[in-house]
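# Overview (structure and organization)
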Number of protein chains: 2
Amino acid sequence: MLSTIKLTIEYDGTNFKGWQIQKKGERTVQGEIKKALKTIFKKDINIIGSGRTDSGVHALGQVAHFKTSSLKSLEEIKSALNANLDHDISILEAKKVPATFHAQFSVKSKTYRYTILNRNVRCSINQPFCLHHPHTLNLRLMRQEAKSLIGRKNFKSFQSSNGTLKSPKTSIRTIKAIEIKKRGDFITIDLKANGFLYKMVRNIVGTLLEIGSGKKPKGTIKAVLSKKNRIFAGSAAKARGLALVFVQY
Amino acid sequence: MLSTIKLTIEYDGTNFKGWQIQKKGERTVQGEIKKALKTIFKKDINIIGSGRTDSGVHALGQVAHFKTSSLKSLEEIKSALNANLDHDISILEAKKVPATFHAQFSVKSKTYRYTILNRNVRCSINQPFCLHHPHTLNLRLMRQEAKSLIGRKNFKSFQSSNGTLKSPKTSIRTIKAIEIKKRGDFITIDLKANGFLYKMVRNIVGTLLEIGSGKKPKGTIKAVLSKKNRIFAGSAAKARGLALVFVQY
């Protein structure tokens, strides 16, 4: 009998060309897990993720699923995968789920986090997880502007084009929450939505940072949203400091 | 006129053979800063740290001083140093201090922090800053045992020998505070003392982890202290996850 196994995965995205298997055989998270599954089960197994993450983007809780008729226990599968993976990918959990579970299509929401070091001097510690922003940020204004992003909206203005991907049918998404927190010199921005368009997180955070730095005025988010055109938003924030934190089903 | 400049320094210790300049010319933090000072001031300048950190140990607030007759502003010195240093060392502050200030001899206390990932699965995120401990820890017992370390005591049992260093005259030190905190799967152990013997932090934390894991019984710390002999303490914790957080003057 075929079982459906759900994996929860942590990775440091630094040395990966993102999640998705690439034609050129570059190192990707999906590719590495597929290789490990082949070693363990002695056959090709398809592994489906909740969605892509870009080159350099990390995950604390990426989710994927695969199907197997093997009788290995979940603990054995988890241990064998970790033993066959390099240390920059870890399988946190292997869980049996109903056959109807689909890592991509069953997603209810995803939460991404940007971690920003907001001080004059660059990061020396944990550099891949830290976006350096040297200018003072008006967090009150950023939080106020972020409110205009909450809800079911057309996020066309925050969607980048990607030549290699088919455009999704709609640019409408629902942002459920945005939380901006400060702790010492670190600022985290958490975004939770039912789904994200290509580079949507990076474009939103880039725009919020420009607003917080005084480069764009109050009211920018509302104005940009209404234009439905990418050229009105700010520059995308770098991938550095971005992590997929949680996928809800 | 000669000015004394105090530097506050952050570094990721991963790619250094510790703080101290080595005879073999290996990459050290002191060595890199000395090179940068030579580039900036066009002469050899002696730089004195608050003390050594071992290979792989990080710093969020190491302190050092040097003397200069240059008229460059503090902001210029800081910027020029950062521009001449690789990104794994950052100068957080350059400050003018009285001529009597000495980074090593004026120290009032130092605080070290161990960061431990306490879960079944290894670290994939921020590996150099994370000591993996897979076994359940009895934090209540660890905190209770840690209390026996507080105060002015002979820490001979937690002092490793180092063939290349002269032994200090005394093994008496004063531990001012030990704080053990849990946040999600992360446990931090902060130790504050007027000074630390060679590998004292690593030997203490290694012993506390053995107590917390049930490998050593309640009362171990008191018993080990009274022996004044290194062989009675637990194994040293690895350097991974250890950082010099703060030096007080």
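Above this text sits the structure in question.
The present account deals with the structure reproduced in this document.

About the thresholds
- Residues numbered from 1 in each chain as written.
- Chains lettered and ligands numbered in written order.
- Predicted model: local features only at pLDDT ≥ 70, side-chain atom pairs only at ≥ 80, totals over all residues.
- Heavy atoms only, no water.
- Buried < 20%, exposed > 50% of the residue type's maximum accessible area, 1.4 Å probe, protein only.
- Helix = DSSP H or I, 4+ residues; strand = E, 2+ residues; numbered from the N terminus.
- Arc of directions from axis to C-beta.
- Contact = heavy atoms within 4.5 Å.
- Polar contact = N/O pair within 3.5 Å; in protein donor to acceptor, adjacent residues only side chain to side chain.
- Least-squares fit on C-alpha atoms with pLDDT ≥ 70 in both.
- Salt bridge = Lys/Arg side-chain N within 4 Å of Asp/Glu carboxyl O.
- Nonpolar A, V, L, I, M, F, W, Y, C, P; charged D, E, K, R; others polar.

What follows deals with helix H5 (residues 220–227) of chain B. All names here are of chain B. Of all the residues in H5, the buried ones are Thr-220, Ile-221, Val-224 and Leu-225. Down the axis, H5 shows its buried residues gathered within 125° of arc, on one side only. Projecting away from the buried face of H5 at angles above 90 degrees are the exposed residues Lys-222 and Ser-226. Those residues of H5 hidden inside the fold are in contact with helix H3 (139–147), strand E7 (151–154) and helix H4 (200–212). Phi turns positive, to about 50°, at Lys-228, one or two residues after H5.

This part covers the side chain of A:Ser124. Counting through the fold element by element, A:Ser124 comes out in the loop between strand E5 (109–117) and strand E6 (131–132). Polar side-chain contacts of A:Ser124 include one of 2.6 Å to the side chain of B:Ser90. When residues no more than four places from it in sequence are discounted, the contact partners of A:Ser124 are A:Arg119, B:Glu10, B:Tyr11, B:Asp12, B:His87, B:Asp88, B:Ile89 and B:Ser90.

Take the relation of the copies chain A and chain B next. Of the transformation placing chain A onto chain B, the axial shift is 0.0 Å and the rotation is 180°, giving an RMSD of 0.0 Å. What the rotation and shift describe, once combined, is the action of a two-fold rotation axis. Ranked by how close their C-alpha atoms come to the rotation axis, the residues of chain A are headed by A:Asn126, at 3.0 Å. By residue overlap, the copies meet face to face through one surface: 96% of the interface positions of chain A are interface positions in chain B.

Further remarks concern the interface of chain A and chain B. Contacts between the two partners involve 27 residues from chain A and, on the opposite side, 26 residues from chain B. In this assembly, chain A and chain B are joined by 2 salt bridges. Between A:Arg119 and B:Glu10 there is a salt bridge whose closest N-O contact spans 2.9 Å. In this structure, the connection of chain A to chain B is made through 22 residue pairs in polar contact (both at pLDDT 80 or more). Listing elements by their share of the side of chain A that touches chain B, those giving two or more residues are strand E1 (3–11), strand E3 (58–68), helix H2 (74–84) and strand E4 (89–97) of chain A. By residue number, the principal contributor to the side of chain A that touches chain B is E4(A), which donates 4 residues. Among the residues making up the side of chain A that touches chain B, the classes are represented as 11 nonpolar, 7 polar and 9 charged.

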